[in-house]
Amino acid sequence: MMASSSPCLVAIFVAIWLQFLSISASTKSIDAICQHVTDKRFCIKTLTAYPPAASATNTFQTVSAAIHIAESYAEKCRKFTEKTAKENPKMKNQFMDCQDAYHRIVMSLRSAAGELKVSPDTSNYDVMVCTDQTTMVKDLVGKNRDVASNTIMKMTLMMNKLIAIAAAATDLLFPTEP
């Protein structure tokens, strides 16, 4: 009876050890990404709370997860601006322009994810140009005082933080410094 429990204990030990190694790999990648963003606490909190990033077993998976977080949030913003445009006829054109900007962000981030393996430098560029669109959104609604515009501005500030994380992530695969 005692001999049969020994292999079971070994299997449990190995499983725990492998899980520790996996967590260690994702933590190293998350730390490496977050060292290059202004809001390090937000970066660490965001990536460790996102299961694909937290369970990543290599840098590439963590980078891919960081892009996906930004893309998902951009899609949420796009849908919100679309809804807001329908509900606010007086400001419809501004909000439709915001929706278009968020659509371009979604497309850039999808392109970045698709280029990650083939061309990390192109992927990095695709992420970086997203800030052109967030600047456009800020210019469109930043001075407005209505609730919808304020919400879009808050979402845009969050989007900028997520773009910064995605950009720092792609930098790991394509360092911009010598």
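Computed from a predicted model, the values in this text were never measured in an experiment.

> Any chance you could explain the packing of aromatic side chains here in plain terms?
The way to describe two aromatic rings as a pair is by their centre distance and the angle between their planes. Here the structure, examined in full by the defined rule, presents 0 aromatic pairs. Here the basic side chain of Lys 161 rests over the ring of Phe 42, its NZ or CZ set 4.8 Å away from the ring centre.

> Looking at this structure, I do not really get the nonpolar core. What am I missing?
A general trend in soluble globular proteins is that nonpolar side chains are found buried together. Ranked by internal contacts, the top residues of the largest apolar core, which has 44 residues, are Leu 47, Ile 67, Leu 109, Val 127, Met 159, Leu 162 and Ile 165. Looking at this core, the elements with two or more residues in it are α1 (2-34), α2 (40-49), α4 (59-87), α5 (92-115), α7 (130-141) and α8 (147-173). Tallying contributions element by element places α8 first for this core, with 12 residues. Apart from residues no more than four positions distant in its own chain, Ile 67 is found in contact with Leu 109, Ala 112, Ala 113, Leu 116, Ser 123, Val 127, Ala 166 and Thr 170.

> Can you help me understand α5 in this one?
At 3.6 residues per turn, the α-helix brings residues three or four places apart onto the same side. Taking 1.5 Å as the rise per residue, α5 with 24 residues should run 34 Å; its terminal C-alpha atoms sit 34 Å apart, in good agreement. For α5, every residue scored as buried is listed here: Phe 95, Cys 98, Gln 99, Ala 101, Tyr 102, Ile 105, Val 106, Ser 108, Leu 109 and Ala 112. Contacts from the buried residues of α5 go to α4, α6 (120-128), α7 and α8.

> Would you explain the packing of α5 against α7 in this entry?
In helix packing, the relevant descriptors are the interaxial angle and the interaxial distance, both defined with respect to the helix axes. Remark: α5 packs on α7, axes separated minimally by 9 Å, with the N-to-C direction vectors making an angle of 170°. In terms of their interaxial angle, α5 and α7 are classed as roughly antiparallel. Judged by residue contacts, Gln 94, Phe 95, Asp 97, Cys 98, Ala 101, Tyr 102, Arg 104, Ile 105, Ser 108 and Leu 109 of α5 engage Cys 130, Gln 133, Thr 134, Met 136, Val 137, Leu 140 and Val 141 from α7.

> Looking at this model, I keep getting lost on the pattern of salt bridges. Mind explaining?
Should the charged atoms of two oppositely charged side chains come close, the side chains can pair. In total, this model carries 5 salt bridges according to the counting rule given. In this structure, Glu 87 engages Lys 83 in a salt bridge whose closest nitrogen and oxygen atoms are separated by 3.6 Å. Here the residue Glu 87 and the residue Lys 83 both occupy positions in helix α4, the gap between them amounting to 4 residues, near one helical turn. The partly exposed category is assigned to Lys 83, whose relative accessible area is 44%. Linked by salt bridges that have partners in common, Glu 75, Arg 78 and Glu 82 make up one network.

> What's the story with α7 in this structure? I'm lost.
Here α7 is 12 residues long and its end C-alpha atoms lie 17 Å apart, about the 16 Å a rise of 1.5 Å per residue gives. Residues Cys 130, Gln 133, Thr 134, Val 137 and Val 141 constitute the buried set of α7. In a view along the axis of α7, the buried residues occupy a sector of 100°, so they form one face of it. In α7, the exposed positions that point more than 90 degrees away from the buried face belong to Asp 132 and Asp 139. On its buried face, α7 sits against α5, α6 and α8.

> Just checking my understanding: could you explain the side chain of Arg 78 for this structure?
As for its placement among the helices and strands, Arg 78 is situated in helix α4. Since its relative accessible area comes to 14%, Arg 78 is described here as buried. Among all residues touching Arg 78, those that are not within four sequence positions of it are Gln 99, Tyr 102 and His 103.

> How should I be thinking about the environment of Ala 65 in this particular structure?
Among the structural elements, Ala 65 can be located in helix α4. A relative accessible area of 4% places Ala 65 in the buried class. Measuring from C-alpha to C-alpha, the distance between Ala 65 and Pro 52 comes to 5.8 Å, with 13 residues separating the pair along the chain. Residues in contact with Ala 65, not counting those within four places in the same chain, are Tyr 50, Pro 52 and Ala 53.

What counts and how
- Residues numbered from 1 in each chain as written.
- Predicted model: local features only at pLDDT ≥ 70, side-chain atom pairs only at ≥ 80, totals over all residues.
- Heavy atoms only, no water.
- Phe/Tyr/Trp six-rings, centres within 6.5 Å; stacked < 30°, edge-to-face > 60°.
- Lys NZ or Arg CZ within 6 Å of the ring centre and 35° of its normal.
- Core = buried A, V, L, I, M, F, W, Y, C linked by side-chain atoms within 4.5 Å.
- Buried < 20%, exposed > 50% of the residue type's maximum accessible area, 1.4 Å probe, protein only.
- Helix = DSSP H or I, 4+ residues; strand = E, 2+ residues; numbered from the N terminus.
- Contact = heavy atoms within 4.5 Å.
- Expected span 1.5 Å × (residues − 1).
- Axes fitted to C-alpha atoms, helices over the stretch in contact; angles between N-to-C directions.
- Parallel < 35°, antiparallel > 145°, perpendicular 65-115°, else oblique.
- Salt bridge = Lys/Arg side-chain N within 4 Å of Asp/Glu carboxyl O.
- Arc of directions from axis to C-beta.

Keep in mind these values describe shape, not function.
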